[in-house]
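Descriptive analysis of the structure
Chain residues, written in single-letter form:
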Amino acid sequence: TEGNRFYYETFEDNEKAQLLIRGIRDSIASVPDEIPLEKFSRDEQLAYWLNLYNVTLLNEIIAIYPKRNLERILTGKESILSRKLIEVAGIPLSLDDIQYRILKPNYGNNPLILYGLYQGIIGGPNVRRSAYSGDDVYRALENNAIEFINSNRGTCGKSRKAFRVSSLYERNRAFFPNFNDDLSRHLLQYLEGSERTALQAAASLKPDINDWTV
């Protein structure tokens, strides 16, 4: 009952709908061929990369649906995140390239970026109803962060010894160099209610909350 869902059934055996998604992906990817990204503000560039990442991932999951468990698809050596799926300004890019080579270094290692990168699974951040825009990209990311962190997909404070968190954070340790301290500090910015108290009392973090289901 938590988080948004994408209705993949609409695209199953529906070539017209699949072409529409691919067309959106290709249209976004071609923007720098018409207007260099440097002409846009930093917030507009951030929104651009988030939108391109998300529609590209949607297209890949649509292609394999109704496969429902995406753990092997998203992790390991054969992960779709590491494949060169798109070309922007003549440069082949993977989704990992967007996250780690473009967004992470150019936006100050800001962990809010994680909540804008849809993973296609229940155990990940929300897919939003509308595209990101430069006008409200950070507000949208914070809304996603608040929803995810305060859901049982994001955190669980049932044990005093270890505060359980999503494995999303384990897979993105690069954003939290001192994992326990940096992640705790980040979560406390958005965590509410009794879970906040539980985190402050916990001795460590345990990143073992998973749901790899579409």
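The coordinates are above.
The following paragraphs examine the structure supplied in this document. (Residues numbered from 1 in each chain as written. Predicted model: local features only at pLDDT ≥ 70, side-chain atom pairs only at ≥ 80, totals over all residues. Heavy atoms only, no water.)

Glancing now at the environment of Ile-64. Looking at where Ile-64 falls in the secondary structure, it is placed in helix 3 (residues 42-64). Judged by relative accessible area, Ile-64 falls into the partly exposed class, the value being 30%. Linking Ile-64 and Glu-12, residues 52 residues apart in sequence, is a C-alpha distance of 9.3 Å. With near-sequence residues (within four places) excluded, Ile-64 lies in contact with Leu-70 and Ile-73. (Helix = DSSP H or I, 4+ residues; strand = E, 2+ residues; numbered from the N terminus. Buried < 20%, exposed > 50% of the residue type's maximum accessible area, 1.4 Å probe, protein only. Contact = heavy atoms within 4.5 Å.)

Pro-66 follows Tyr-65 through a cis peptide bond whose omega is 20 degrees. On the secondary structure map, Pro-66 appears in the loop between helix 3 and helix 4 (71-74). With a phi close to 55 degrees, Ala-89 is a non-glycine residue in the positive phi region. Structurally, Ala-89 is set in the loop between strand 1 (84-88) and strand 2 (91-94).

We now examine helix 6 (residues 137-149). The terminal C-alpha atoms of helix 6 lie 18 Å apart, and with 13 residues this matches the ideal 18 Å at 1.5 Å per residue to within 8%. For helix 6, every residue scored as buried is listed here: Val-137, Ala-140, Leu-141, Asn-144, Ala-145, Phe-148 and Ile-149. End-on view of helix 6: buried residues confined to an arc of 155 degrees, all on one side of the axis. Contacts from the buried residues of helix 6 go to helix 3, strand 3 (155-156), strand 4 (162-166), helix 7 (167-171) and helix 8 (179-188). (Expected span 1.5 Å × (residues − 1). Arc of directions from axis to C-beta.)

A word on the sheet that holds strand 5 (residues 204-209). Pairing in this open sheet of three strands is mixed, and the strands run 3-4-5 from one edge to the other. In this open sheet, the two edge strands, each paired with only one partner strand, are strand 3 and strand 5. Across five bridges, strand 4 lies against strand 5 in parallel orientation. Across the sheet, residue Phe-163 finds its bridge partner in strand 5, namely Leu-205. Against the sheet, helix 9 (residues 193-201) contacts strand 3, strand 4 and strand 5, and its axis sits at roughly 120 degrees relative to strand 4. (Pairing = 2+ DSSP bridges. Axes fitted to C-alpha atoms, helices over the stretch in contact; angles between N-to-C directions.)

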